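One-letter residues, chain by chain:
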Amino acid sequence: MGVLDGVRVLDYGRFIAAPWCSALLADMGADVVRIEKREGGEDRWVQSVTSGGEGGTFLQCNRNKRSLTLDTTTDEGKEITRKLVAAADIVVANMPAAGMRANGLDYETLREVKPDIILASATAYGEGGPYSDRIGFDGAGQVMSGAVYRQGLPEQPIRTVVPYADFGTALTMTIGVMMALYHRDRTGEGQYVEGALLPTAMMLSNAFLIERDLLGTDKPRMGNQGTSVAPCDLYRTSDGGWVLLQIAGQPMFKRWCRLVGRLDLFDDPRFADDDLRWENGDVLNDIMAQWCADKTKSEVLGLLDGAKLPAAPMHSTQDVLDDPHVAAMGYLQRVPFPGAPHDVPIIATPFRMSATPGVIRRRAPLLGEHTDEVLDEIGYTAADITGLRDRHVV
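(A) Inspection of the pattern of salt bridges at higher detail. Within this structure, the stated rule accounts for 27 salt bridges. Between R391 and E76 there is a salt bridge; the shortest N-O distance is 2.8 Å. Of the two residues, R391 sits in the segment after helix 18 (382-390) while E76 sits in helix 3 (residues 75-86), which places them 315 residues apart along the sequence. A relative accessible area of 47% places R391 in the partly exposed class. Exposure remark for E76: the relative accessible area of 31% places this residue in the partly exposed category. In this structure, E369 engages R363 in a salt bridge whose closest nitrogen and oxygen atoms are separated by 2.9 Å. The structure contains a network of salt bridges with shared partners spanning R8, D31, R66, E373 and E377.

(B) The sheet that holds strand 4 (residues 90-93), seen in detail. Sheet architecture is open: six strands sit in the order 3-2-1-4-5-8, paired in parallel fashion. Strands at the two margins of the open sheet, each flanked by one partner only, are strand 3 (65-69) and strand 8 (192-196). For this sheet the average axis-to-axis angle between neighbouring strands, irrespective of direction, equals 20 degrees. Relative to strand 8, strand 5 (residues 118-123) runs parallel, the two being bridged by five bridges. Within the sheet, the bridge partner assigned to A120 lies in strand 8 and is V193. The sheet strands contacting helix 3 are strand 1 (8-12), strand 2 (31-36), strand 3 and strand 4, and the helix crosses strand 1 at an angle near 145 degrees. Relative to strand 5, helix 8 (residues 164-187) is tilted by about 165 degrees, and along the sheet it contacts strand 4, strand 5 and strand 8.

(C) Fine view of the packing of aromatic side chains. This structure, assessed with the given rule, holds six aromatic pairs. Ring geometry for Y125 versus Y131: centroids 5.7 Å apart, planes at 70 degrees, classification edge-to-face. Geometrically, the ring pair formed by F253 and W256 is stacked, given 5.9 Å between the ring centres and 25 degrees between the ring planes. With F253 and W256 both in helix 11 (residues 250-259) and three residues apart, this pair spans about one turn of that helix. F253 sits in the buried class, given a relative accessible area of 0%. Aromatic ring contacts, followed pair by pair, group F253, W256 and F271 into a single cluster.

Reading the values: rules and limits
- Residues numbered from 1 in each chain as written.
- Predicted model: local features only at pLDDT ≥ 70, side-chain atom pairs only at ≥ 80, totals over all residues.
- Heavy atoms only, no water.
- Salt bridge = Lys/Arg side-chain N within 4 Å of Asp/Glu carboxyl O.
- Helix = DSSP H or I, 4+ residues; strand = E, 2+ residues; numbered from the N terminus.
- Buried < 20%, exposed > 50% of the residue type's maximum accessible area, 1.4 Å probe, protein only.
- Pairing = 2+ DSSP bridges.
- Axes fitted to C-alpha atoms, helices over the stretch in contact; angles between N-to-C directions.
- Contact = heavy atoms within 4.5 Å.
- Phe/Tyr/Trp six-rings, centres within 6.5 Å; stacked < 30°, edge-to-face > 60°.

As structure tokens, this is what we get:
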């Protein structure tokens, strides 16, 4: 039995922030109904990996959900929305405030239908400021948070390819939703939970902002080197592999010195603490690069592990799929999907609970796969549904 069994969620989300939030709720037992346009939400078809056109991120972010197609702009579509909301506990969406109002998904409208409803929405910048009406994807949060200014090469800032602002916002929204459910259980009151890409990205890069504000300085972009410690970088090995090493603190630095045969660095004033080691990081990184150059990746990792130093191999995507620890831990679960060449490796619930673990119970839905089922649950007959389909409402 899932901890959220009996909780009904309406998912009007697209792409990542809202859909991943509702997917986590679904993993924990919530009944999540994804409502999308009759032709399918745009996010369904991005990065296509199946013969039907569904994308990889869609398959990840929409497991454990049912799919209802609906034209929410029609009068009949709006009536269906009201009936769905009346039977729901949570509505999840990600669109600007104007779009929420146009679709009858703003908090005031939802409360008129269901007074204790919980609305969770994700936007790019949050509501109430001069940017609130702007639209934006993950990259907007990254580049406006100060993070991209600090990462990349000296002459080339580089945005992170992983959409961390999107997934981070999904996680903060999920925390907010659970807090709202807890509050509702205690008081009977619903509330509005807001997540946004920019504050999520700022949360993750807050230390850079603190450093700038208090010290008045910005450290330069340094590729894969550390932002505050050294040696720290990706180092190439003799067989073409790459290994990450991150040294922090005096005990760890001394163990590294012993490993690379440089006891003379113990008392060198250039390397007396982390800040000084970072300032003189080129020297330390060069030593480490030379030490790795005549050793294989396996040899480097074995020696670093023996010295109790934090290191990791750079994995290719295939390396991740083949990794024995990933397999032993069950981090990727193979889920069949129509039109996929074989079972799809979907990330398991990214946190574990001993009594009520998250479960992938079903694959992501085909477009409109559960339309009849969901409409039947809110009182529509087979004839009603046929009429709605004939009138292009569903």
